[in-house]
Amino acid sequence: MSLRHVVLMRFHPDTPAESVDALAAALRALPDTIAEIDDYRVGPDLRIADGNWDFAVSGDFASPEAFRTYRSHPDHVAVIREHIEPIVAERLAVQFGT
């Protein structure tokens, strides 16, 4: 079963734009080092509707095992530690079959 992984993030109110840019760049680099990622899209909310979260990640994987490999991959864990944890106040995630 292939699956899609979707994450929404809310940043702390004082998060600088440079930190968001660095997060996006770090996430966008992951498909180059994690072969299990089939498709990966990330970016900040465009602010065209009220009430949206600040940032989204959408990744496609061939199987739950491929997702688990991504989730525990050292490069992904480093992005979480270095770029996500310092600026994210809230996070939502879901994985569903495609």
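Scope of this entry: the structure provided in the associated data block. Residue positions are given per chain, counted from 1 along the sequence in the order it is written. It should be noted that, the model being predicted, local features are given only for residues of pLDDT at least 70 and side-chain atom pairs only at 80 or more, the latter also being counted only at that level, while totals for whole chains, interfaces and linings use all residues. Side-chain figures throughout are based on the complete set of non-hydrogen atoms in the structure, without hydrogens or water.

## Brief notes about the side chain of Asp-54
Quick reminder of the rule: A run of H or I in DSSP becomes a helix once it reaches four residues, and a run of E becomes a strand once it reaches two; helices and strands are each numbered from the N terminus. For the purposes of these results, a polar contact is taken to be a pair of N or O atoms within 3.5 Å, where, inside protein, one atom must be able to donate a hydrogen and its partner to accept one; residues adjacent in sequence count only when each atom of the pair is a side-chain atom. The criterion used for residue contact is that any of the two residues' heavy atoms lie within 4.5 Å.
Locating Asp-54 in the fold gives a position in the loop between strand E2 (37–44) and strand E3 (55–61). In this structure the side chain of Asp-54 is engaged in a polar contact, spanning 2.7 Å, whose partner is the side chain of Arg-47. Those residues in contact with Asp-54 that lie beyond four places of it in its chain are Met-9, Arg-10, Phe-11, Pro-44, Asp-45 and Arg-47.

## Notes on the nonpolar core
For clarity, the cut-off: Remark: nonpolar core denotes a set of buried residues (Ala, Val, Leu, Ile, Met, Phe, Trp, Tyr, Cys) joined through side-chain atoms within 4.5 Å. Each residue is assigned to one of three classes by its accessible area relative to the maximum for its type, calculated with a 1.4 Å probe on protein chains only: buried under 20%, partly exposed between the two thresholds, exposed over 50%.
Counting 24 residues, the largest nonpolar core has Met-9, Leu-23, Leu-27 and Phe-55 as its most contacted members. Residue contributions to this core peak at six residues, all from helix H1 (residues 17–33). For Met-9, the residues in contact, after removing those within four places along its chain, are Leu-23, Trp-53, Asp-54, Phe-55, Val-57, Ile-84, Val-88 and Glu-90.

## What to know about the packing of aromatic side chains
Applicable threshold: Aromatic contacts are taken between Phe, Tyr and Trp rings whose centres are within 6.5 Å, Trp giving its six-membered ring; a plane angle under 30 degrees counts as stacked, one over 60 as edge-to-face, and the others as tilted. Two conditions define a charge sitting above a ring: the NZ of Lys or the CZ of Arg must be within 6 Å of the ring centre, and it must be within 35 degrees of the ring normal.
On inspection of all chains with the given rule, the structure shows five aromatic pairs. Seen in terms of ring centroids, Tyr-40 and Tyr-70 are 5.8 Å apart; in terms of plane orientation they differ by 70°. Their pairing is edge-to-face. Taken together, the positions of Tyr-40 in strand E2 and Tyr-70 in helix H2 (residues 64–72) put the pair 30 residues apart, joining distant regions of the chain. Both residues of the pair, Tyr-40 and Tyr-70, belong to the buried class. Ring geometry for Phe-67 versus Tyr-70: centroids 6.0 Å apart, planes at 40°, classification tilted. On the criterion of helical spacing, the pair formed by Phe-67 and Tyr-70 is a turn pair, its members being three residues apart in helix H2. Assessed through its relative accessible area of 2%, Tyr-70 is described here as buried. Taken together through their ring pairs, the aromatic side chains of Tyr-40, Phe-61, Phe-67 and Tyr-70 make up a single cluster. Geometry around Trp-53 places Arg-10 over its ring, the cationic atom sitting 4.0 Å from the centre.

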